[in-house]
Amino acid sequence: MDNLELMNQCRMLAQGFSPGACLTQTPEGPKPACEVTLRRGPHGWERLIAAAHLSRPEDYFSIYQSGCNHSCLKCHSWRFTQRAEGFWASTEDIARMAADYELCVTVREPRERATMFHASDLCMHCGACQTLGVPGELCPRRLCPEQVILSPQGYGPARNIIAFTGGDLVCRAEFYAEATQRIKRACERMWVLIETNGLGLTPQNLEVLASAGVDSFWLDIKAYDKETYRRLCGASNRTVLEAPARIVDSGFVLEVLTLYIPGWVETDQIRKIAELVREVDARIPFTILAFFPENKLRHVRPPTLREMLRAFSAVKEVGLRNVKLGNWHVFARSEEERQLLLAAVGREALG
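Cut-offs applied
Residues numbered from 1 in each chain as written. Predicted model: local features only at pLDDT ≥ 70, side-chain atom pairs only at ≥ 80, totals over all residues. Heavy atoms only, no water. Buried < 20%, exposed > 50% of the residue type's maximum accessible area, 1.4 Å probe, protein only. Helix = DSSP H or I, 4+ residues; strand = E, 2+ residues; numbered from the N terminus. Pairing = 2+ DSSP bridges. Right-handed = clockwise from strand over helix to strand, strands pointing away. Phe/Tyr/Trp six-rings, centres within 6.5 Å; stacked < 30°, edge-to-face > 60°. Lys NZ or Arg CZ within 6 Å of the ring centre and 35° of its normal. Polar contact = N/O pair within 3.5 Å; in protein donor to acceptor, adjacent residues only side chain to side chain. Contact = heavy atoms within 4.5 Å.

**Points about the pairing of strand β12 (residues 253-260)**
Piece 1. With 8 of 8 residues buried, β12 lies mostly within the body of the structure.
Piece 2. Side chains of β12 alternate between two faces, with V253, E255, L257 and L259 and L254, V256, T258 and Y260 buried alike.
Piece 3. Inspection of the sheet shows β12 paired to strand β13 (residues 286-290) by 5 bridges, in the parallel sense. For T258, the partnering residue across the bridge sits in β13 and is I288.
Piece 4. Crossover handedness for the path β12 to helix α11 (residues 267-280) to β13: right-handed.

This is the structure in C-alpha cells:
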C-alpha cells in the first residue's frame, strides 16, 4: 500500500492525526485492521467479531471485536485483536443480539451509570446468593437473588448496556454510529458504551458518535509519557490525552481506567493521568487496574499490594472523588493481604 492509498483509507491521517499501530495478522500476512476486520456489506457495515455475550465483572453485553488500532505489548485479548479471528456480523445482526439480550436484563441503569465502574456497586460476582443461598461476605446487598444470573464468565446481574470491547476501531466512527442507531431502534432503553484506547476520538469522530446516540466511553489511558506509550502501544497518545475534555464537552458519560504495570506505568504516571482527569471533572469515575502478565509482557510481574495502595493514595490526593482498584485478586493474594486492603480502602473501592 503506497502513501496515497494509506491516506485515502486511514481516517486518522485524513483528519490530520497520526495513524495507529493497526497491522493485524492474517493468513496472507499483516494488513491494516480496518481492511481485514471491517467491511461494507449489502445492508451496511459488517465487523469481524470474536464473541458476544454477557460479560463479567462488567455485567453488560460485550461485543468482542477483532482487529485494533493499537498493538499493545500487554494486551490480554491479543489472540483476536492482533489477529483476524471470528465471525462477520452486520450492524443489523448486532441490533438483533441487543434486542435478544434486552429480554434477559435484570437491572435497568440510568444513563449516568452506563459504565463498567458502577457494576461492583451492585454485585461482587461470587455467586453465593445462587450457589449457597446466602449473600457473600463482600456483597453490596442491593440486588434480589433473582437479579443474579449465570453467564459464560460467572454470576452477576444483566444491566441494560451494550458495549463494544476487545479490538478498537473507533477511528472508523461510521461503523459504531450505524450500529448504535440500529441498536436504539431495536431496543426500548439500551445504553451504548464504547471501550476505547482513545486514539480515534478526534473532534470529527466524536461529533459523528454523538449524533448517532452513543452514550458512554470507558477510556483506557495506557500511559501518560509519550515515549512509554509508543513503546507499549506502538502509537501516539496525543488524541488520548485530549480525549477526556472532548468526551465530557460532547455530552457523553465518561469513566477512565489506567493499568499499573511495574517498570512501565507506575504511580508517577498514574498521578499525572489523574491530574488530567481532575482538570475536566473530579467526579469522573477512575479505576486503577492491576496488570497481570500476558502477551509480550509475560516476563513482567504484577504489582504488589503496597504499590497499588500507593497509587490509590496518590490519585485520591490529586482530588478525584470516585476511585476504585480493579483486579484486586491479583495483588491481594492471601487472606492477610485482603484484610489489609479492605482496611485501607474499604469494600466500596474494590472494582
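Now, onward.
**As for the packing of aromatic side chains**
Piece 1. Scanning the entire structure with this criterion turns up 6 aromatic pairs.
Piece 2. With 5.4 Å between their ring centres and 85 degrees between their planes, F164 and Y176 make a pair best called edge-to-face. Remark: Y176 occurs in helix α7 (residues 173-186) and F164 occurs in strand β9 (residues 161-166); sequence separation between them is 12 residues.
Piece 3. Given the relative accessible area of 1%, Y176 is considered buried.
Piece 4. An aromatic cluster is present here, built from F164, F175 and Y176 joined pairwise through their rings.
Piece 5. Positioned over the ring face of W88 is R39, at 3.9 Å from the centre of the ring.

**Overview of the side chain of N237**
Piece 1. With respect to the secondary-structure elements, N237 resides in the loop between α9 (226-233) and α10 (238-249).
Piece 2. The exposure class of N237 is buried, given its relative accessible area of 5%.
Piece 3. Here Y224 takes part through its backbone oxygen, which lies 3.0 Å from a polar atom of the side chain of N237.
Piece 4. When sequence neighbours within four positions are dropped, the list of residues in contact with N237 reads A223, Y224, D225, K226 and Y229.

**Some details on the pairing of strand β3 (residues 38-41)**
Piece 1. Relative to strand β4 (residues 44-55), β3 runs antiparallel, the two being bridged by 4 bridges. In the strand pairing of β4, R40 is matched with W45.
Piece 2. Between β3 and β4, which pair antiparallel and follow one another directly, the connecting turn spans 2 residues.

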